[in-house]
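# Descriptive structure summary
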Amino acid sequence: MKRQEEAFIKRIKEIISGKKCVFYGFGTNGRNMLLTFEDYGMDVSYVVDMNYEKIKSEDIFRFFRKDYEVKSPYDLAYDAGNAVVLVMADPFRYGDSIREMLEGLGYTYGQDYFWQSDFVSAEMNCLDPLLGFSRQHDEEKYGFKIYGNEYSAQHRIVTIGGSITAHGTYMTKSWPQFLYDKMHELDVCIYNGGMSGYDSSQELLKLIRDVLPLSPSVVISYSGYNDVVQILPQHRRNHYPYVSLYMQDVMKHVIAFDSKGLMLGLGEKSKETPAQIWIKNQKMMQAVCQTFGISYIGILQPCLACMGHQYVYSDTERQRMNVEVAGSIDTCKSFYEEIEKANMFCEWLLDGRDIFGESMDLFYDICHIKEKGNEMIAEYILGVMEQKGCL
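To keep things clear, this report deals only with the structure shown in the data block. (Residues numbered from 1 in each chain as written. Predicted model: local features only at pLDDT ≥ 70, side-chain atom pairs only at ≥ 80, totals over all residues. Heavy atoms only, no water.)

## Some details on the sheet that holds strand E2 (residues 46–48)
Taken together, five strands build an open sheet; the order of strands is E3-E2-E1-E4-E5 and the sheet is parallel. The open sheet has two edge strands with one neighbour each: strand E3 (70–71) and strand E5 (113–115). Pairing of strand E1 (residues 20–24) with E2 involves three bridges; the strand directions are parallel. Bridging across to E2, tyrosine 24 finds its partner in valine 48. The strands that helix H2 (residues 28–39) touches are E1 and strand E4 (83–87); relative to E1, the one it contacts most, it runs at about 155°. (Pairing = 2+ DSSP bridges. Helix = DSSP H or I, 4+ residues; strand = E, 2+ residues; numbered from the N terminus. Contact = heavy atoms within 4.5 Å. Axes fitted to C-alpha atoms, helices over the stretch in contact; angles between N-to-C directions.)

Have a look at this one:
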């Protein structure tokens, strides 16, 4: 991953060549890329975003080495010909509108502006009828990034989860990669099946369809936040947890174009809380693995809003957080507390809230962590595996 970063930075330096460097879009992608730029001493002149007023009102830059000026995208008109714009937004969702705006302001694609995917994406996003979406990594197995030799390895380990587990999330080295580095002398192969956005319901479905055919020795799930995220005020609730919101939207569009009056059936509407769903899915994944002679390790992941068991954020700390984090603290805490009260933690289901201690600086948003945090997760999991004698 380090070589990929270095090649990316080298290419950016060649493209900028004395011009200003501007980020378009300051969501999770943009924030993490800015951290990468800082690590390599790259200068970003300013950031533009359609939500620039909201971003300016939040204390987002507490995670960075300096405060960056945030402007409206239309301010790019003043720097046409003198700036290179790196677009961090999703080209599939916002491509047409951003392209129209930039070219209307005098920017030419491939010369004055580029998409992040022009440099760092070597994968193909896929529509998946069961999981909603997935990813093809080069020529490897569908939905998995493989570390090691799957044909000669004595032990096979599968990791599942969301963006923290996924390979290549924002160019950081994933914890499954760190885990492989620490275990490769043990003749192992790790199949990384993490996917940004997956919750525990998608993990369960992936386990049944895609993981079992790999005949792994161990399956490790690192999850939790993507289950609670749907009950946060700024997100949309999924009342049918085994049909992803993405696939629900796809099917609604299909039905809209049907002339025979078909209805969309999604099953029984769930009345369970996200915590109850997460616990149920963990039980089912462990039961499936046990049935097929596979060791299962489920880990409840920490997030910035609720690290540790007893940590209480002061009013000052809440004020320093951005609006999304501050507004999510109590909701996240209730999710984690409900799981704790269920008294489910055991030798195969672990409470990972203390993995980072109280090191808030490992986070660059409410749940995503810097590369050092990924290494700490790998060290924690390796210790668990050694203690359990999994291999």
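## Here's the deal with a nonpolar patch on the surface
There is a patch of nonpolar side chains on the surface, built from Met251, Val254 and Leu264 and spanning about 210 Å² of accessible area. Tracing the backbone shows methionine 251 in helix H9 (residues 245–256). (Patch = residues over 30% accessible without salt bridge, like charges linked within 9 Å, V, L, I, M, F, W, Y side chains within 5 Å. Areas by Shrake-Rupley, 256 points an atom, 1.4 Å probe, with all protein chains shown as cover. Salt bridge = Lys/Arg side-chain N within 4 Å of Asp/Glu carboxyl O.)

## Details of the sheet that holds strand E11 (residues 218–223)
In space, the six strands of this open sheet follow the order E8-E10-E9-E11-E12-E13, with mixed pairing throughout. Lying at the two open borders of the sheet, with one neighbouring strand each, are strand E8 (145–147) and strand E13 (349–351). Averaged over all adjacent pairs, the angle separating strand axes in this sheet is 20°, with direction ignored. In this sheet, strand E10 (residues 188–192) lies alongside strand E9 (residues 155–161) in parallel orientation, the contact comprising five bridges. Within the sheet, the bridge partner assigned to arginine 156 lies in E10 and is cysteine 189. Against the sheet, helix H6 (residues 175–183) makes contact with E8, E9, E10 and E11, and its axis sits at roughly 180° relative to E10, the strand it touches most.

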